[in-house]
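Below are the chains, spelled out letter by letter.
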2 protein chains.
Amino acid sequence: MADQKLRIVALISIKQESREQLLPVFKTLIEETRKEEGNISYVLTNDVKDQNSFVFVEEWKSQEAINQHMASAHFVAFQGQIKDHLAAVPQVKILSEHF
Amino acid sequence: MADQKLRIVALISIKQESREQLLPVFKTLIEETRKEEGNISYVLTNDVKDQNSFVFVEEWKSQEAINQHMASAHFVAFQGQIKDHLAAVPQVKILSEHF
């Protein structure tokens, strides 16, 4: 299982007043994450009907790569920077490809 | 906007007892959808922590391509086949790429 490719979909809803301030925070996270050896792709998307609803759409080489990402300095820093700006608890799903 | 690439993330939770019966229904939908001219990619994923929680991770050439998909015979048939087997209302997000 260690080498099974996995996807993550992370739904993040932020406070309207925090949006402009958070965009560079998202950008830094993305730039640093794409440098990780275990990352395949990492895209931030925005709900076309709700500009405060974001979804990270991610591909990873393995569960170990995800573990390393979640323990990385840039991801830990991101969690600290975003926590007061969330409008809801994030929904994070780790996914195996079925078909 | 008509030619903007879009993504869809669709979270679908099904009844445990329906799983085996639904897998070929998902498979048919995927095979038919991948033939659509406006589809870029269409992958069914399964939550590693909950085998009854599925996420479709999709890429589309435009909103018009999504409209055509949602009106297609195979998608309409799929909706009819799945509705009695859902454990929750599906969460479907149409997404633009932000970064």
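Above this text you will find the structure in question.
This structure is a prediction, so every number in the text was calculated from the model and none was measured.

Peer 1: Would you explain helix α2 (residues 63-71) of chain A in this entry?
Peer 2: Owing to its 3.6 residues per turn, the α-helix aligns residues three or four sequence positions apart on the same side. Residues and elements named next belong to chain A. Buried within α2 we find Ala65, Ile66 and His69. For α2, the angular spread of buried residues about the axis comes to 100°, placing them on one side. What points out from α2, more than 90 degrees from its buried face, is the exposed set Gln68 and Ala71. In this structure, the buried side of α2 is in contact with β1 (6-13), α1 (19-34), β2 (39-47), β3 (53-60), α3 (73-82) and β4 (91-97).

Peer 1: Whenever I open this one, the pattern of salt bridges confuses me. Can you help?
Peer 2: Any two side chains of opposite charge can pair if their charged atoms end up close together. All names here are of chain B. If you walk through the whole model with that rule in mind, you get 20 salt bridges over all chains. Linking Glu37 and Lys61 is a salt bridge whose minimum nitrogen-to-oxygen distance equals 3.2 Å. With Glu37 in the loop between α1 (19-34) and β2 (39-47) and Lys61 in the loop between β3 (53-60) and α2 (63-71), this residue pair connects regions lying 24 residues apart in the sequence. Among the residues examined, Glu37 registers a relative accessible area of 62% and is labelled exposed. A salt bridge links Asp84 to Lys83; the shortest N-O distance between them is 3.9 Å.

What counts, and where the lines are drawn
Residues numbered from 1 in each chain as written. Chains lettered and ligands numbered in written order. Predicted model: local features only at pLDDT ≥ 70, side-chain atom pairs only at ≥ 80, totals over all residues. Heavy atoms only, no water. Buried < 20%, exposed > 50% of the residue type's maximum accessible area, 1.4 Å probe, protein only. Helix = DSSP H or I, 4+ residues; strand = E, 2+ residues; numbered from the N terminus. Arc of directions from axis to C-beta. Contact = heavy atoms within 4.5 Å. Salt bridge = Lys/Arg side-chain N within 4 Å of Asp/Glu carboxyl O.

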